[in-house]
Amino acid sequence: MRLTKKILSFGIGAVLSSFCVTNAEAAKVGISMPNDHLQLRWFSSDSVYLKDELEKLGHEVVITYAGDNDILTQTRQVENLVDTCDFLVIVPIDSKSLNYSLDKAYKKKIHVISYDRMLRDTKSVSYYVGTDSKQIGSTMAKYVVDKLRLMDRNQPANIEIFAGDINDENTIDIDYGVNSVLRPFFEIGKLNILSHESALKQNQTVKWSKQYARERMQRLAKEQGYAPKGKKLDAVIAFNDATARGVIDSLRKLGYKEGYYPVITGQDCNRLSVSLIENDVQSMSIFKDERKMAIETARIIDTLSKKKMVTVNHPEGINNGFKNVPSQLIDVVVVTKDNVKPVLYDSGYITEENAE
Ligand code: GAL
């Protein structure tokens, strides 16, 4: 069952393809994913839905996972996919490190779809399917502003930021969105980052790793004295659920209890994090429905394979540093304890079988 709320909007813009494929109908699609962690989205959701949607349309699918977000492994895997496939779907670990193989793809007239993360500074990308990460950042920040009542409180609040991996274009965009909302509150002193770790170089989470976030939170708590009965930490902006879980692990060790955690954001509606939301530990998660992203990606590839005209809802595109990439953007939903049921359970996103 699909989400009851209509979260996709289709524009009327059309983009005509100048590329062609050798085998016009059944194509071989190479999918390059950043990691193979069982509990993270790429392995358990995105690649599963993509394979399913593409196979339903009669296409052959080859999936590669780059170990533990290993850039060299992904480079080698993409090189191999360029040699053997008609289409590529890529989630880059580093938005700029695949350009050599991508140039080769361009010469071979292979269409590349940049999936969820933008491939930067290359002409070799035909479409982007994903979300507006600047908007995701500002949504997280607005949530915090609202929860901490920053507009009308007198006491300043303390916040720490746990950004994503700095090589991921989404991290740059989420950071932009977060700061566009929080900057005025920092400027008037209503919000403080006691660690002063406000730049991405300081607050990034290498490889979006839960362990990395956990250790950083542990260090910050020690240095700043954050504790249930110590210095108050009012909010943590974590750029996704894995980083939020790292932060939560550390806070739990310090004695934080259900209902008394800081306001903590997240992204991905990872199954484990959803139960943290239901138990008053994590406050919210941004839901980007991978099922919708998979359907849109498969539709674009299928249309191209039939040499037909592709329509996307942002034909004017998103600039990747080289060109405007025509984009299909998926709307996102803020998931809290109040709407977990309709958004995630009733829509079939979380079922009894996939709840763990
Ligand atoms: C980002 C993406 C997030 C998250 C993260 C971890 O690029 O925007 O939703 O999944 O990767 O891999």
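Residues numbered from 1 in each chain as written. Predicted model: local features only at pLDDT ≥ 70, side-chain atom pairs only at ≥ 80, totals over all residues. Heavy atoms only, no water.

Ile 31, Val 89, Phe 287, Ile 300 and Leu 344 are the most contacted members of the largest nonpolar core, which has 36 residues in total. With six residues, helix α10 (residues 290-305) is the largest single contributor of residues to this core. If we ignore the near neighbours within four places in the chain, the residues touching Ile 31 are Leu 50, Leu 54, Val 61, Val 62, Ile 63, Thr 64, Leu 81 and Val 89. In terms of nonpolar packing, the next biggest core, distinct from the first, is built from 28 residues, Met 140, Tyr 143, Ile 161 and Ala 163 among them. (Core = buried A, V, L, I, M, F, W, Y, C linked by side-chain atoms within 4.5 Å. Buried < 20%, exposed > 50% of the residue type's maximum accessible area, 1.4 Å probe, protein only. Helix = DSSP H or I, 4+ residues; strand = E, 2+ residues; numbered from the N terminus. Contact = heavy atoms within 4.5 Å.)

All right, on to the site of the ligand then. Taken together, the neighbourhood of the ligand is formed by Arg 41, Trp 42, Asp 116, Arg 117, Asp 168, Asn 170, Trp 208, Asn 240, Gln 267, Asp 268 and Lys 288. Between Arg 41 and the ligand, the recorded distance is 3.0 Å, taken from a side-chain N or O atom to an oxygen atom. Protein burial of the ligand: of its 310 Å² of free accessible surface, 96% is covered by the chains. More than half of the atoms of the ligand fall within 2 Å of the grid points belonging to the largest pocket. Classifying every residue of the shell around the ligand by side-chain character gives two nonpolar, three polar and six charged. (Near = heavy atom within 4 Å. Polar contact = N/O pair within 3.5 Å; in protein donor to acceptor, adjacent residues only side chain to side chain. Areas by Shrake-Rupley, 256 points an atom, 1.4 Å probe, with all protein chains shown as cover. 1 Å grid on protein atoms, 1.4 Å probe; cavity = no way out; pocket = protein on both sides within 12 Å on 5 of 7 lines; lining within 4 Å. Sits in = over half its atoms within 2 Å of the grid points. Nonpolar A, V, L, I, M, F, W, Y, C, P; charged D, E, K, R; others polar.)

So, about the pairing of strand β2 (residues 28-33). Within β2, five of the six residues are buried, which leaves it mostly tucked inside the rest of the structure. Relative to strand β3 (residues 60-65), β2 runs parallel, the two being bridged by six bridges. Bridge assignment links Met 33 to a residue of β3, and that residue is Tyr 65. In terms of strand pairing, β2 meets strand β4 (residues 87-90) through four bridges, oriented parallel. Bridging from a neighbouring strand, Ile 31 pairs with Val 89 of β4. (Pairing = 2+ DSSP bridges.)

Before going further, it helps to examine the packing of aromatic side chains. The full count for this structure, using the stated rule, is three aromatic pairs. Aromatic side chains Phe 43 and Tyr 65 sit 5.0 Å apart centroid to centroid with 50° between the ring planes, which places their arrangement in the tilted category. You can see Phe 43 sitting in helix α1 (residues 41-56) and its partner Tyr 65 sitting in strand β3, a full 22 residues away along the chain. The exposure class assigned to Phe 43 is partly exposed, which follows from its relative accessible area of 29%. On the basis of an interplanar angle of 70° and a centroid distance of 4.6 Å, the ring pair of Phe 287 and Tyr 349 is categorised as edge-to-face. With Phe 287 in strand β11 (residues 285-287) and Tyr 349 in the segment after α11 (340-345), this residue pair connects regions lying 62 residues apart in the sequence. Both residues of the pair, Phe 287 and Tyr 349, belong to the buried class. One Lys or Arg, Lys 123, reaches over the ring of Tyr 106 and ends 5.0 Å from the middle of that ring. In this structure, Lys 134 packs its charged tip against the face of Tyr 176, placed 5.0 Å from the ring centre. (Phe/Tyr/Trp six-rings, centres within 6.5 Å; stacked < 30°, edge-to-face > 60°. Lys NZ or Arg CZ within 6 Å of the ring centre and 35° of its normal.)

Topologically, Arg 120 is positioned in the loop between β5 (111-115) and β6 (127-130). Residue class for Arg 120 comes out buried when judged on its relative accessible area of 19%. If we skip the residues at most four places from it in the chain, Arg 120 touches Ser 95, Lys 96, Asn 99, Glu 169, Asn 319, Asn 320 and Gly 321.

Once that is clear, we can look at helix α7 (residues 210-224). Across its 15 residues, α7 extends 21 Å between first and last C-alpha, which sits within 8% of the 21 Å expected from 1.5 Å per residue. Buried within α7 we find Ala 213, Arg 216, Met 217, Leu 220, Ala 221 and Gln 224. An end-on view of α7 places all buried positions within 140° of arc, on one side of the element. Residues of α7 that are exposed and point more than 90 degrees away from the buried face comprise Glu 215 and Lys 222. Its buried side turned inward, α7 meets β7 (157-162), α6 (200-203) and α8 (241-253). If you check the start of α7, you find a side-chain oxygen 3.2 Å away from the backbone N of Gln 211, and it comes from Ser 209. One or two residues past the end of α7 sits Gly 225, with phi positive at roughly 80°. (Expected span 1.5 Å × (residues − 1). Arc of directions from axis to C-beta.)

This part takes up the packing of helix α2 (residues 71-84) against helix α3 (residues 99-107). Where α2 meets α3, the closest approach of the two axes is 9 Å, and the angle between their N-to-C directions is 10°. Considering the angle they form, α2 stands roughly parallel to α3. Of the residues in α3, those in contact with Thr 75, Val 78, Glu 79, Val 82 and Asp 83 of α2 are Ser 101, Lys 104 and Ala 105. Residue classes in the contact of α2 with α3 are distributed as three nonpolar, two polar and three charged. (Axes fitted to C-alpha atoms, helices over the stretch in contact; angles between N-to-C directions. Parallel < 35°, antiparallel > 145°, perpendicular 65-115°, else oblique.)

Turning next to the pattern of salt bridges. Across all of its chains, the model carries 23 salt bridges by this definition. Of the charged contacts, one joins Lys 51 and Glu 55 as a salt bridge, the two residues approaching to 2.9 Å between their closest N and O atoms. Here the residue Lys 51 and the residue Glu 55 both occupy positions in helix α1, the gap between them amounting to four residues, near one helical turn. The partner of Glu 223 in a salt bridge is Arg 219, with the nearest N and O atoms 3.2 Å apart. Highlighted residues: Glu 223 and Arg 219, both in helix α7, separated by four residues, approximately one helical turn. Looking at Glu 223, the relative accessible area reads 47%, which means it is partly exposed. A relative accessible area of 34% places Arg 219 in the partly exposed class. Residues joined in a network through salt bridges with shared partners are Arg 41, Asp 46, Asp 116, Asp 268, Lys 288 and Glu 290. (Salt bridge = Lys/Arg side-chain N within 4 Å of Asp/Glu carboxyl O.)

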